[in-house]
Amino acid sequence: MDQPKRLPEFLRPLFWDVEFRRLSPDRDRDTIFLRIMEHGDLLAVRWLIATYGKPMLREWLMQREGRGLSRRALRFWEAILDLPHRQVSRWIRSRPVDLWDQRTHRASTNRR
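Residues numbered from 1 in each chain as written. Predicted model: local features only at pLDDT ≥ 70, side-chain atom pairs only at ≥ 80, totals over all residues. Heavy atoms only, no water.

Enumeration according to the criterion identifies five aromatic pairs in this entry. Ring centres 6.3 Å apart and planes at 40 degrees place the aromatic pair Phe15 and Phe20 in the tilted group. When its relative accessible area of 1% is taken as the criterion, Phe15 is described as buried. Judged by its relative accessible area of 6%, Phe20 is buried. Considering the side-chain rings of Phe33 and Trp60, the 5.0 Å spacing of their centres and the 85 degrees angle between planes classify their relative orientation as edge-to-face. (Phe/Tyr/Trp six-rings, centres within 6.5 Å; stacked < 30°, edge-to-face > 60°. Buried < 20%, exposed > 50% of the residue type's maximum accessible area, 1.4 Å probe, protein only.)

Before going further, it helps to spend a moment on helix α5 (residues 85-93). By the burial criterion, the buried members of α5 are Val88, Ser89, Trp91 and Ile92. One face of α5 carries all of its buried residues, which in axial projection span an arc of 155 degrees. Residues Arg86 and Arg93 are exposed on α5 and point more than 90 degrees away from its buried face. Of the surrounding secondary structure, the elements contacted by the buried residues of α5 are α3 (54-64) and α4 (71-81). (Helix = DSSP H or I, 4+ residues; strand = E, 2+ residues; numbered from the N terminus. Arc of directions from axis to C-beta. Contact = heavy atoms within 4.5 Å.)

The biggest cluster of nonpolar side chains holds 27 residues, and the ones touching the most others in it are Leu11, Phe15, Ile36, Met37, Leu48, Leu61 and Trp77. At five residues, the largest contribution of residues to this core is made by helix α2 (residues 42-52). Ignoring sequence-local partners within four residues, the contact set of Trp77 consists of Met37, Val45, Leu48, Ile49, Leu57, Leu61, Leu69, Asp82 and Leu83. (Core = buried A, V, L, I, M, F, W, Y, C linked by side-chain atoms within 4.5 Å.)

Here the focus is the packing of α3 against α4. Where α3 meets α4, the axes come as close as 10 Å, and the angle between the chain directions of the two elements is 135 degrees. Put simply, α3 runs oblique to α4. Judged by the twist between their axes, the crossing of α3 over α4 is left-handed. Every residue of α4 that contacts α3 at Lys54, Leu57, Arg58 and Leu61 is listed here: Leu74, Trp77, Ile80 and Leu81. Looking at side-chain class alone, the contact of α3 with α4 contains six nonpolar, no polar and two charged residues. (Axes fitted to C-alpha atoms, helices over the stretch in contact; angles between N-to-C directions. Parallel < 35°, antiparallel > 145°, perpendicular 65-115°, else oblique. Left-handed = near helix turned anticlockwise from the far one by under 90°. Nonpolar A, V, L, I, M, F, W, Y, C, P; charged D, E, K, R; others polar.)

Inspection of the secondary structure puts Phe20 in the segment before α1 (29-39). Counting along the chain gives eleven residues from Phe20 to Glu9, while the straight-line C-alpha distance between them is 8.9 Å. When sequence neighbours within four positions are dropped, the list of residues in contact with Phe20 reads Leu7, Pro8, Glu9, Leu11, Arg12 and Phe15.

Glancing now at unusual backbone geometry. Unusually for a residue other than glycine, Glu65 sits at a positive phi of about 55 degrees. With respect to the helices and strands, the residue Glu65 is situated in the loop between α3 and α4. Classification of Glu65 by relative accessible area gives partly exposed; the value is 43%.

That's the geometry; what it means functionally is another story.
Right, here's the structure in full:
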């Protein structure tokens, strides 16, 4: 896919902690992928897929074994990118215990 030279302005709020205008869709791919995959809204997710394509996103995520993404985000991208369920489950199980994630997961299951 042909990446644009700059990120669209609607993505700026996701990159509040970096100099947005200096982000390069090619050079800063890891940062862009992680931020949008974890925190992006529907417009950002659509842009990510349209810009890089599902095969590239899938390959990138498989190489990283899901590192950097929450359990919630991994399950979302599992469905979007048709990732193997068992493999994603293995990534989640192999992580050190994240107390905040554990607490929010327990709270959400208690509401059911």
